[in-house]
Amino acid sequence: MNDSSWGAPPQAGYWGPSDQGPAQGAGPAGPAYDAHYAQQTRPMPIVPDVPEHGGDQDDDQGTARLSGPLFRDEPFHDQPGRDEPYRDQNPSAQPYAVVPQNPEPMPVAPQPAQPQPPQKKSAGRDLGAAIGVGVGLGVVIIASLFFVKAVFIGVIAVAVVVGLWELTKRLEERKSIKAPLVPLAVGGAAMVVAGYARGAEGAWTAMALTALAVLVWRMTEPPEGYLRDVTAGVFAAFYVPFLATFVAMMLAADDGAWRVLVFLILTVVSDTGAYAVGWRFGRKKLAPRISPGKTREGLLGAVAFAMAAGALCTQFLIDDGTWWQGLLLGLAVAVSATLGDLGESMIKRDLGIKDMGTLLPGHGGIMDRLDSLLPTAPVVWLLLVIFVGSG
């Protein structure tokens with residue numbers, strides 16, 4: 001056997017026998033190992049050419065497309081005219097393998113999503129500041145309520161004026177509504193004093209005069225937007241000072257300080273119960289389009305807490321009051337306080353703001369604290385008049 005036939009490489013450009021061919025009478029050229037083992041080897045499978053662009057099943061399944069030569073000096077079978085001499089000499093030759101010229105990236109198996117740790121519920125405000133401010137306001141209110149009633153009337157009047165300022169300021173900033181603040185502030189303070197001194201008759205009279213003052217005051221400016229501005233002014237006069245006047249009317253009774261205290265306790269307890277139960281057990285939204293944070297479970301907590309507090313307060317703090325009257329009073333307070341909170345949330349959503357002001361850290365503005373108190377005041381005043389009289 002000719003030594004040159006053992007593993008002799010073919011000429012560059014094709015696989016096949018040497019140009020000189022095998023020696024006469026010699027066996028075919030073969031690999032450099034024993035013929036016995038060569039007979040046991042299996043031929044390399046033939047891999048057909050795969051078109052570079054096509055819609056076969058391999059492409060549909062995302063497998064890599066194979067094309068091009070294995071080595072740089074091997075023929076390009078996918079380019080016509082490049083390997084005709086080789087095919088003419090070796091019509092049956094096939095390449096051992098083809099390597100993709102522009103391989104597509106192999107599909108990556110999606111990684112399983114990592115479970116997110118449960119997020120803790122947040123109160124949404126600075127609880128420390130909120131509690132501190134609340135305790136401070138409570139001390140001022142209790143001290144003025146039981147020592148000098150006139151001072152407490154002054155506290156109500158100041159809260160009314162600041163609330164009116166916050167409301168009219170936000171209306172002008174967000175909606176370009178210019179409700180006249182001066183007649184509203186003067187009329188609001190007068191309304192509180194008139195309600196304490198003259199009762200419901202004085203409150204209604206002051207309300208009518210305040211509305212008239214708003215109409216006249218706005219006439220000093222151009223007529224554009226007049227109807228819009230005076231409507232907002234009359235609404236503000238009713239919403240803030242007129243509803244607050246019922247607190248002053250409660251205070252005018254002989255046991256007025258205790259009536260006002262019961263009113264404040266029940267409203268605070270209702271809000272606290274709604275917050276505590278809703279934060280811990282709240283699942284079903286009460287009014288998601290108005291206030292997403294409020295839940296039905298929170299409303300049930302407000303009712304339960306307010307009814308329990310109402311029974312105790314009416315029995316022990318109100319002259320001639322009974323526990324069952326307190327249950328009804330607590331139920332009414334829970335409903336009115338929740339509706340008042342939702343009402344102001346509706347206003348703030350229309351204005352596109354979170355809080356009416358920033359005067360009270362952890363609470364927002366004065367109006368953010370009066371939202372549940374204002375609509376609850378006439379409810380408590382009326383039920384106490386029905387249950388135990390006007391005093």
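Below: a short report on this structure. This is a predicted model, so every value here is computed, not measured.

### With respect to the pairing of strand 2 (residues 291–295)
Okay, so step 1: Pairing between strand 1 (residues 285–287) and strand 2: two bridges, direction antiparallel. Within strand 2, the residue paired with A287 across the bridge is S291.
Okay, so step 2: Hairpin connection between strand 1 and strand 2: a loop of three residues separates the two successive antiparallel strands.

### So, the pattern of salt bridges
Okay, so step 1: Considering all chains together, one arrives at seven salt bridges under this definition.
Okay, so step 2: Between E173 and R170 there is a salt bridge, and its shortest N-O distance comes to 3.0 Å. Residue E173 and its partner R170 are located together in helix 5 (residues 149–175), separated by three residues, close to a single helical turn.
Okay, so step 3: Note that K294 and D341 form a salt bridge whose closest N and O atoms lie 3.2 Å from each other. In this pair, K294 is assigned in strand 2 and D341 in helix 10 (residues 323–351), connecting sequence segments 47 residues apart. Grouping residues by exposure puts K294 and D341 together as buried.

### A look at helix 12 (residues 373–388)
The periodicity of an α-helix, 3.6 residues per turn, causes residues three or four places apart in sequence to face the same way.
Okay, so step 1: The terminal C-alpha atoms of helix 12, which comprises 16 residues, lie 21 Å apart, in line with the 22 Å expected from a rise of 1.5 Å per residue.
Okay, so step 2: The inward-facing, buried residues of helix 12 contact helix 7 (226–251), helix 8 (256–281), helix 10 and helix 11 (366–370).
Okay, so step 3: Backbone geometry just after helix 12 places G389 at a positive phi near 90 degrees.

### Digging into the packing of aromatic side chains
Okay, so step 1: Following the criterion strictly, the structure yields seven aromatic pairs and no others.
Okay, so step 2: Pairing F235 with Y239 gives two aromatic rings, centres 5.5 Å apart and planes at 10 degrees, and the pair type is stacked. Highlighted residues: F235 and Y239, both in helix 7, separated by four residues, approximately one helical turn.
Okay, so step 3: Note on F235: relative accessible area 37%, which makes it partly exposed.
Okay, so step 4: Judged by its relative accessible area of 11%, Y239 falls in the buried class.
Okay, so step 5: Residues F238 and F242 carry aromatic rings whose centres are separated by 5.4 Å and whose planes lie at 25 degrees to one another, so their mutual orientation is stacked. Of this pair, F238 and F242 both sit in helix 7, four residues apart, roughly one helical turn.

Thresholds, definitions, all that
In every chain, residue numbers begin from 1 and rise along the written sequence. Local features in this predicted model are restricted to residues whose pLDDT is 70 or higher, and side-chain atom pairs enter the listing and the counts only when it is 80 or higher, whereas totals over whole chains, interfaces and linings include all residues. Where side-chain values are given, they derive from all heavy atoms of the structure, hydrogens and water being excluded. Should DSSP find at least two bridges between two strands, the strands are taken to pair. Counting from the N terminus, the helices are DSSP H or I runs at least four residues long and the strands are E runs at least two residues long. The salt bridge criterion pairs a side-chain nitrogen of Lys or Arg with a carboxyl oxygen of Asp or Glu, the two atoms within 4 Å. For each residue, the accessible area found with a 1.4 Å probe, counting protein chains only, is set against the maximum for its type, and the residue is called buried under 20%, exposed over 50%, and partly exposed in between. Take the residue count of a helix, subtract one, and multiply by 1.5 Å to get its expected span. Whether two residues touch is decided by their heavy atoms; if any such pair falls within 4.5 Å, the residues are in contact. Two aromatic rings from Phe, Tyr or Trp, using only the six-membered ring of Trp, form a pair when their centres are within 6.5 Å; if the ring planes differ by under 30 degrees the pair is stacked, by over 60 it is edge-to-face, and anything between is tilted.

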